[in-house]
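Residues per chain, in single letters:
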Amino acid sequence: MRGPSLAAQLERAFPGIASIRQPSLRKLVADLWQYVADVNPQWLEIEAIPLFPSLPIETYGNLANHIRAMARVAETVVPVYAELWSIELSLDDFLAAVYVHDAAKVIEFVKKDGELAAIPGFNHALEAGRIVRDLGGPEAIAHMVECHSFAGALTMPRTRAAQLFLFLDPLCLPVFPEQGKGAVERHLDSNGWQDPRTKEKYRSPLETSARQRR
Ligand SMILES: [Fe+2]
């Protein structure tokens, strides 16, 4: 993904970037993808990037589809919050965050001896937040991006936009329990948390009082 071909690929893969109103945010998206492509020039094609090395594209779709899905859901969620709760969120911020939040996976996923692997200890969300700041992007977007990962390690969101963005990510992740570990279980795993087995441990107070009446 080098030179003019990267710009052409971005236009083809993510035509929705054009609907970001602020030119500075469209530039941030282009600069950030250029940044990650420069750090790891192994990747030649955006559509070839998987969600994760262990999640084959044939089963789970590619990273670009995840990003396109998030843009569409963001376009729905932002007006719903405005209409039902009079909570104004910036669609521009959401779209810019959508298009950059996973781009650091270009650096994280490395081909070695023909095998694709993630760099151990690399946190693509925190790295993307750092790069947004390095490129002079808005703090609000840097924060949305740095704590977006629901399927990975948790970084606590401190704004309403960042909290909603954290929920938006797994909503657009077709990684379900029927196929193995789902997005929720993966999130628990990467935080060292256990399945709380709530249903197995729950005793309904209603059943207890019914038993006592018998
Ligand atoms: Fe994502």
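Calculation rules
- Residues numbered from 1 in each chain as written.
- Predicted model: local features only at pLDDT ≥ 70, side-chain atom pairs only at ≥ 80, totals over all residues.
- Helix = DSSP H or I, 4+ residues; strand = E, 2+ residues; numbered from the N terminus.
- Contact = placed C-beta atoms within 7 Å.
- Core = buried A, V, L, I, M, F, W, Y, C linked by C-beta atoms within 7 Å.
- Buried ≥ 20, exposed ≤ 12 C-beta atoms within 10 Å, placed from the backbone.
- Pairing = 2+ DSSP bridges.
- Axes fitted to C-alpha atoms, helices over the stretch in contact; angles between N-to-C directions.
- Parallel < 35°, antiparallel > 145°, perpendicular 65-115°, else oblique.
- Nonpolar A, V, L, I, M, F, W, Y, C, P; charged D, E, K, R; others polar.
- Expected span 1.5 Å × (residues − 1).
- Arc of directions from axis to C-beta.

The number of helices and strands found in the protein is 12 helices and 2 strands. Along the protein, from the amino end to the carboxyl end, the secondary structure elements read α-α-α-α-α-α-β-β-α-α-α-α-α-α. When the backbone C-alpha atoms are referred to their principal axes, the protein occupies close to 80 × 50 × 30 Å. Looking at the protein alone, contacts between residues at least 24 apart form 58% of all its contacts between residues at least 6 apart.

Before going further, it helps to spend a moment on the nonpolar core. With 48 residues, the main nonpolar core has Leu32, Ala96, Ala97, Val98, Val100, Val132 and Val145 as its most contacted residues. Every element with two or more residues in this core is listed here: α2 (23-39), α4 (63-85), α5 (91-100), α6 (105-108), α7 (124-134), α8 (139-146) and α9 (160-171). Leaving out residues up to four positions away in the same chain, alanine 96 has contacts with Ile20, Leu25, Leu28, Val29 and Ile141.

All right, on to the pairing of strand β1 (residues 109-112) then. As paired elements, β1 and strand β2 (residues 115-118) share 4 bridges and run antiparallel to each other. Bridging across to β2, phenylalanine 109 finds its partner in alanine 118. Counting the residues that bridge the hairpin from β1 to β2 gives 2 residues, and of these aspartate 113 lies at a positive phi of roughly 50°.

At a minimum axis distance of 9 Å, the contact between α2 and α5 shows a crossing angle of 10°. By the angle class used here, α2 and α5 are roughly parallel. Residues Leu25, Leu28, Val29 and Leu32 of α2 lie in contact with α5, whose contacting residues are Asp92, Ala96, Tyr99 and Val100. Of the residues in the contact of α2 with α5, the class split is 7 nonpolar, no polar and 1 charged.

Another point: α2. With 17 residues, α2 should reach 24 Å at 1.5 Å per residue; the first-to-last C-alpha distance of 24 Å fits that figure. Those residues of α2 that fall on the buried side of the exposure criterion are Leu25, Leu28, Val29, Leu32, Trp33, Val36 and Ala37. Looking down the long axis of α2, one finds its buried residues gathered within 160° of arc, a one-sided arrangement. Facing away from the buried side of α2 by more than 90 degrees, the exposed set consists of Pro23 and Ser24.

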